[in-house]
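Each chain is listed here by its residues.
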Amino acid sequence: MTVLELDDIDTYYGNSHVLHGVSLELAEGEVVALLGRNGAGKTTTMRSIMGVTPPRRGSIVYRGENIVGKSPDKLNERGINLVPEDRRVFPTLSVQENLVLAHKLAADPKPIEEMYELFPILDELRTSDAQNLSGGEQQMLAVARALVQRPSLLLLDEPTEGLAPVIVDDLQEMLQAVVDEDVTVLLSEQNVNFAFELATRGYVIDTGSIVFEGSVEEIQSREDLLEKYLAVSPEEVA
Ligand SMILES: Nc1ncnc2c1ncn2[C@@H]1O[C@H](COP(=O)(O)OP(=O)(O)OP(=O)(O)O)[C@@H](O)[C@H]1O
Ligand SMILES: [Mg+2]
């Protein structure tokens with residue numbers, strides 16, 4: 001079953017035309033990567049889906065319903081959860097309070113204790129203020145806040161941005177456990193190896209257009225794509 005289908009969307013910031021006919025599709029339970037360099041349009045795609053910057057043209061169908069024009073709150077209620085690239089957590093609230101708040105806002109939340117099982121690091125930091133967490137820990141908290149709401153579609157916008165390599169490995173391990181459950185994920189990344197580990201399929205975006213769509217194996221084997229659009233040499237791909 002198709003969970004999400006973007007059909008030929010155009011998105012603008014004011015007069016600035018950023019997305020040009022973006023189409024993509026996610027089936028139930030799939031983890032799909034959206035790969036591209038700085039400024040390629042990854043965040044704008046996420047924001048278009050979430051209703052933050054709705055497209056001016058094209059359709060976005062979520063579980064059979066066109067959601068263009070619906071507010072982010074409404075879409076959140078319908079089960080779409082965005083973890084933005086600036087990983088919004090409440091800085092002066094503790095880890096536990098951050099999770100409790102997200103939990104309260106959800107209609108059918110998961111037990112908070114499940115989040116601590118998934119992210120043992122957070123368990124040790126329950127009483128710490130979110131502002132005192134490292135970047136990686138904040139990212140885990142941001143993901144846990146989304147997951148506790150039992151999303152049916154999870155949008156992860158560049159979760160590894162700014163994280164040290166060793167933390168990226170931890171995050172990958174924890175997200176693996178998440179994606180093994182039945183959640184559908186759109187994962188935007190510049191860190192292609194991270195995305196290749198978690199996703200089975202991917203789209204490459206450049207200057208607001210999808211330039212390639214295929215399996216992770218296909219993308220990994222396309223040296224031209226890696227070099228031209230993802231700024232990595234084939235040797236760097238694990
Ligand atoms: N609020 C905004 N107003 C005007 N232009 C914007 C705005 N946000 C982004 N843009 C432009 O839209 C284009 C796509 O940006 P976007 O943030 O979607 O890229 P991205 O792929 O997420 O990049 P990054 O990897 O750096 O996060 C860029 O040219 C960017 O300068
Ligand atoms: Mg971005």
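Our subject is the structure that appears above.
The rules we used
Residues numbered from 1 in each chain as written. Chains lettered and ligands numbered in written order. Predicted model: local features only at pLDDT ≥ 70, side-chain atom pairs only at ≥ 80, totals over all residues. Heavy atoms only, no water. Buried < 20%, exposed > 50% of the residue type's maximum accessible area, 1.4 Å probe, protein only. Helix = DSSP H or I, 4+ residues; strand = E, 2+ residues; numbered from the N terminus. Arc of directions from axis to C-beta. Contact = heavy atoms within 4.5 Å. Donors = N, O, S within 2.8 Å, 3.2 Å for Na, K, Ca; no water. 1 Å grid on protein atoms, 1.4 Å probe; cavity = no way out; pocket = protein on both sides within 12 Å on 5 of 7 lines; lining within 4 Å. Points joined across faces, edges and corners; volume = space filled by probe spheres on them. Nonpolar A, V, L, I, M, F, W, Y, C, P; charged D, E, K, R; others polar. Domains from an automatic or database assignment. Near = heavy atom within 4 Å. Polar contact = N/O pair within 3.5 Å; in protein donor to acceptor, adjacent residues only side chain to side chain. Areas by Shrake-Rupley, 256 points an atom, 1.4 Å probe, with all protein chains shown as cover. Core = buried A, V, L, I, M, F, W, Y, C linked by side-chain atoms within 4.5 Å. Pairing = 2+ DSSP bridges.

**Q** How do you make sense of helix α10 (residues 223-230) when you look at a structure like this?
**A** For an α-helix, 3.6 residues make a turn, and residues three or four places apart therefore share a direction. Every buried residue of α10 is listed here: Leu-225, Leu-226, Tyr-229 and Leu-230. Down the axis, α10 shows its buried residues gathered within 105° of arc, on one side only. The inward-facing, buried residues of α10 contact β3 (31-35), α8 (192-198), β9 (201-206), β10 (209-215) and α9 (216-221). Ala-231 sits one or two residues past α10 and shows a positive phi near 55°.

**Q** What exactly am I supposed to notice about the coordination of the magnesium ion (ligand 2) here?
**A** Tetrahedral coordination by four donors puts the ideal angle at the metal at 109.5 degrees, and octahedral coordination by six puts it at 90 or 180 degrees. Of the protein atoms, only Thr-43 (OG1) and Glu-85 (OE) coordinate the magnesium ion (ligand 2), at distances of 1.9 to 2.4 Å. Placement of Thr-43 in helix α1 (residues 42-50) and of Glu-85 in the loop between β6 (80-83) and α3 (95-105) is noted, with a sequence separation of 42 residues between them.

**Q** Would you mind going over empty space enclosed by the protein with me for this structure?
**A** In this approach the atoms are scanned with a rolling probe the size of a water molecule, which exposes any empty space left behind. Scanning all chains against the criterion turns up one cavity of 30 Å³ or more. Taken together, Val-31, Leu-154, Leu-156, Leu-175, Val-178, Val-179, Val-185, Leu-187 and Leu-198 form the lining of the largest cavity. Residue assignment for the lining of the largest cavity shows that the elements contributing at least two residues are β7 (153-157), α7 (165-180) and β8 (184-189). Ranked by residues supplied to the lining of the largest cavity, first place goes to α7 with three residues.

**Q** Which parts of the structure should I look at to understand the layout of surface pockets?
**A** Reported here for the largest pocket is a volume of approximately 750 Å³. Contributing to the lining of the largest pocket are 25 residues, with Asn-76, Asn-81, Leu-82, Pro-84 and Arg-88 lying nearest its centre. Secondary-structure elements contributing two or more residues to the lining of the largest pocket are α1, α2 (72-77), β6, α3 and α6 (135-147). Across the lining of the largest pocket, the residue classes tally to 13 nonpolar, four polar and eight charged. Split by domain, the residues of the lining of the largest pocket number at least three in each of domain 1 (2-79 + 152-236) and domain 2 (88-151). Here the second largest pocket defines a volume of roughly 170 Å³. If you trace the second largest pocket, you find it lined by Asn-76, Glu-77, Gly-79, Asn-81, Leu-105, Ala-106, Ala-107, Asp-108, Gln-149 and Arg-150. When the residues that make up the lining of the second largest pocket are grouped by side-chain class, the tally is three nonpolar, four polar and three charged.

**Q** So what exactly am I meant to see when it comes to the site of ligand 1 here?
**A** Around ligand 1, 13 residues are found, and the nearest of them are Asn-38, Lys-42, Thr-43, Thr-44 and Glu-158. One of the backbone nitrogen or oxygen atoms of Ala-40 is found 3.2 Å away from an oxygen atom of ligand 1. If ligand 1 stood free it would expose 630 Å²; the protein chains cover 62% of that surface. The element contributing the most residues to the shell around ligand 1 is α1, with three residues. Here the shell around ligand 1 is composed, by residue class, of three nonpolar, six polar and four charged.

**Q** Would you mind showing me how to read the nonpolar core here?
**A** Grouped burial of nonpolar side chains is what soluble globular proteins tend to show. Phe-119, Leu-122 and Leu-230 are the most contacted members of the largest nonpolar core, which has 53 residues in total. Ranked by residue count, the leading element in this core is α6, at seven residues. Shared between two domains, this core holds at least three residues of each, these being domain 1 (2-79 + 152-236) and domain 2 (88-151). If we skip the residues at most four places from it in the chain, Leu-122 touches Val-95, Tyr-116, Leu-133, Glu-137, Met-140, Leu-141 and Ala-144. Judged by nonpolar contacts, the second largest core, of 25 residues, contains Val-3, Val-32, Tyr-62 and Leu-155.

**Q** I tried to follow the pairing of strand β2 (residues 16-27) on my own but got confused; where do I start?
**A** Regular strands have side chains that alternate between both faces of the sheet. By the bridge criterion, eight bridges tie strand β1 (residues 2-13) to β2 in an arrangement that is antiparallel. Note that in β2 the partner of Tyr-12 across the bridge is His-17. Here β1 folds back onto β2 in antiparallel fashion, the turn holding two residues, of which Gly-14 has a positive phi close to 60°.

**Q** Just to check I follow, could you spell out unusual backbone geometry for this structure?
**A** Glycine aside, a negative phi is what most residues show, and trans is what most peptide bonds show. Its identity as a non-glycine residue notwithstanding, Asp-8 has a phi of 60°, on the positive side. Take Asp-8: it is sitting in strand β1. Judged by relative accessible area, which is 32%, Asp-8 ranks as partly exposed. If you check the backbone angles, Arg-150 has positive phi at about 50° while not being a glycine.

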